[in-house]
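Results of the structural survey
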Amino acid sequence: MRIAKKVIEALNNKRPVVALESTIISHGMPYPRNVETALMVEEVIEKEGAVPATIGIIDGEPIIGMSKEEIEEFGHRKNIKKVSRKDLPIVIAKKEWGATTVATTMILAAKAKIEVFVTGGIGGAHRKAQETFDISADLEELENTDVTVISSGIKAILDIPLTLEILETKGVTVLSYQSDDIADFYTRHSHIKAENVVSSPYEIAEIIKAKRDFNLKGGILVANPIPEEFSMDETMMNQVINEALFEADKDHIKGKDITPYLLKSIVKKTGGESLEANIKLVLNNASLGAKVARELIKLR
Ligand code: PSU
Ligand code: MN
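Remember, predicted model here, so these are calculated numbers, not experimental data. (Residues numbered from 1 in each chain as written. Chains lettered and ligands numbered in written order. Predicted model: local features only at pLDDT ≥ 70, side-chain atom pairs only at ≥ 80, totals over all residues. Heavy atoms only, no water.)

Some thoughts on the overall build of the protein
A count of helical and extended segments in the protein gives 13 helices and 11 strands. Against the compact-globule benchmark of 19 Å for 300 residues, the protein has a radius of gyration of 18 Å, which places it among compact chains. Reported as C-alpha extents along the three principal axes, the dimensions of the protein are approximately 50 × 40 × 35 Å. When burial is assessed residue by residue, the protein has 56% of its 300 residues classed as buried. (Helix = DSSP H or I, 4+ residues; strand = E, 2+ residues; numbered from the N terminus. Rg over C-alpha atoms; globule rule 2.2 N^0.38 Å. Buried < 20%, exposed > 50% of the residue type's maximum accessible area, 1.4 Å probe, protein only.)

What about the packing of helix H10 (residues 201–213) against helix H13 (residues 273–299)?
The contact between H10 and H13 brings their axes to 8 Å, and the two run at 55 degrees. Regarding the angle of H10 to H13, the classification is oblique. Remark: the crossing between H10 and H13 carries right-handed chirality. Each of Pro201, Tyr202, Ile204, Ala205, Glu206, Ile208 and Lys209 in H10 lies in contact with H13, whose residues at this interface are Leu288, Lys291, Val292, Glu295, Leu296 and Leu299. (Axes fitted to C-alpha atoms, helices over the stretch in contact; angles between N-to-C directions. Parallel < 35°, antiparallel > 145°, perpendicular 65-115°, else oblique. Left-handed = near helix turned anticlockwise from the far one by under 90°. Contact = heavy atoms within 4.5 Å.)

A look at the packing of helix H6 (residues 102–111) against helix H8 (residues 137–144)
Between H6 and H8, whose axes approach to 8 Å, the crossing angle comes to 25 degrees. Between H6 and H8, the angle falls in the class roughly parallel. Packed against H6, whose contacting residues are Val102, Ala103, Met106 and Ile107, the element H8 presents Ala137, Asp138, Glu141 and Leu142 at the interface. Residues of the contact of H6 with H8, tallied by class, amount to six nonpolar, no polar and two charged. (Nonpolar A, V, L, I, M, F, W, Y, C, P; charged D, E, K, R; others polar.)

Some points on the side chain of lysine 82
Relative to the helices and strands, lysine 82 resides in strand E5 (residues 81–83). The side chain of lysine 82 is buried and forms no salt bridge, while aspartate 257, the nearest opposite charge, is found at 6.8 Å. Leave out the neighbours within four places in its chain, and lysine 82 touches Thr23, His27, Asp87, Ala99, Thr101, Lys256, Thr259 and Pro260. (Lys, Arg positive; Asp, Glu negative; His and termini not counted. Salt bridge = Lys/Arg side-chain N within 4 Å of Asp/Glu carboxyl O.)

Focus: the packing of aromatic side chains
All chains considered together, the criterion is met by two aromatic pairs. Measuring from ring centre to ring centre gives 5.5 Å for phenylalanine 74 and tryptophan 97, while their planes differ by 45 degrees; the resulting arrangement is tilted. A residue pair is termed long-range when its members are at least 10 positions apart, and phenylalanine 74 in helix H4 (residues 68–76) and tryptophan 97 in the loop between helix H5 (88–93) and strand E6 (98–100) qualify at 23 residues. Looking at phenylalanine 74, the relative accessible area reads 0%, which means it is buried. Residue classification places tryptophan 97 among the buried residues on the basis of a relative accessible area of 13%. Pairing phenylalanine 185 with tyrosine 186 gives two aromatic rings, centres 4.8 Å apart and planes at 85 degrees, and the pair type is edge-to-face. Taking relative accessible area as the criterion, phenylalanine 185 reaches 3% and is therefore assigned buried. (Phe/Tyr/Trp six-rings, centres within 6.5 Å; stacked < 30°, edge-to-face > 60°.)

Brief notes about the environment of glycine 124
In this fold, glycine 124 is placed in the loop between strand E7 (116–118) and helix H7 (129–132). Spatially, the C-alpha atom of glycine 124 lies 6.8 Å from that of aspartate 138, the residues being 14 residues apart in sequence. With sequence-adjacent residues up to four places away left out, glycine 124 is seen in contact with Asp134, Ile135, Ser136, Leu139, Leu158 and Thr163.

Taken by themselves, the reported measurements are silent on function.
If you want it as structure tokens, here you go:
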């Protein structure tokens, strides 16, 4: 593993560090907006007084803290593999480039001793997962790996209540940030009640610390809803998502290709509006993640 110098220094000096994933760069957004967003996210984190560490795999080597040039390359290079836990040994052995999903970013962040990780939305149980068993490895990782994931909750393309049931079974602590509804990515109101609402980065840090001090393994999921001013129209989004799901089914899209396919299709159907929302929510998560990382350091 190659850990960037600024990240090593921050960790050694007990300064806050925030991990970032790379699947959102290479499979989640089109070039060049993906690169612009990844760099803006890093800036937001720096402005909040934390050190960003974008994680990806280059020539089989996991990189904790990619350079601007590496992020740029990740943004436009063709055929970068989407790497979940199961793919990690293959990409390392074959010395390939790999974009890390939430699951793999958690694994690598934990190995580097980074406790807070910011993304857009996590993977979860797809609709009809009761029949297809298509449940993201992100949920298994949240069960087992000691990293807090700051996200805009569970993507609306998924089955949110089913995903929450699975998270409960796995003992994953789920916190809704300043919202009675659990965040569903594109819109502010999912109409699905959150069990635990938290009101400040300090409160989140206290809960992380309690989980760690008590040696309870596993992650914490923070669901931070998209700010009201960027929230999309619910009725329109439901329709667009249903159309995209119908077409994915018709085109026999399966497995790891489903999430990138749906995100792309939704961007097209909303005339790019969903991409803007996606960017805004990630930036908002970056700000919260940096604050949580800072509070956590203070508590320790
Ligand atoms: N959220 C986004 N864009 C993305 C993803 C999440 O806003 O591209 C990616 C994450 O890397 C997540 C993955 O881990 O989608 C989930 O894929 P799957 O459902 O195949 O596990
Ligand atoms: Mn899947």
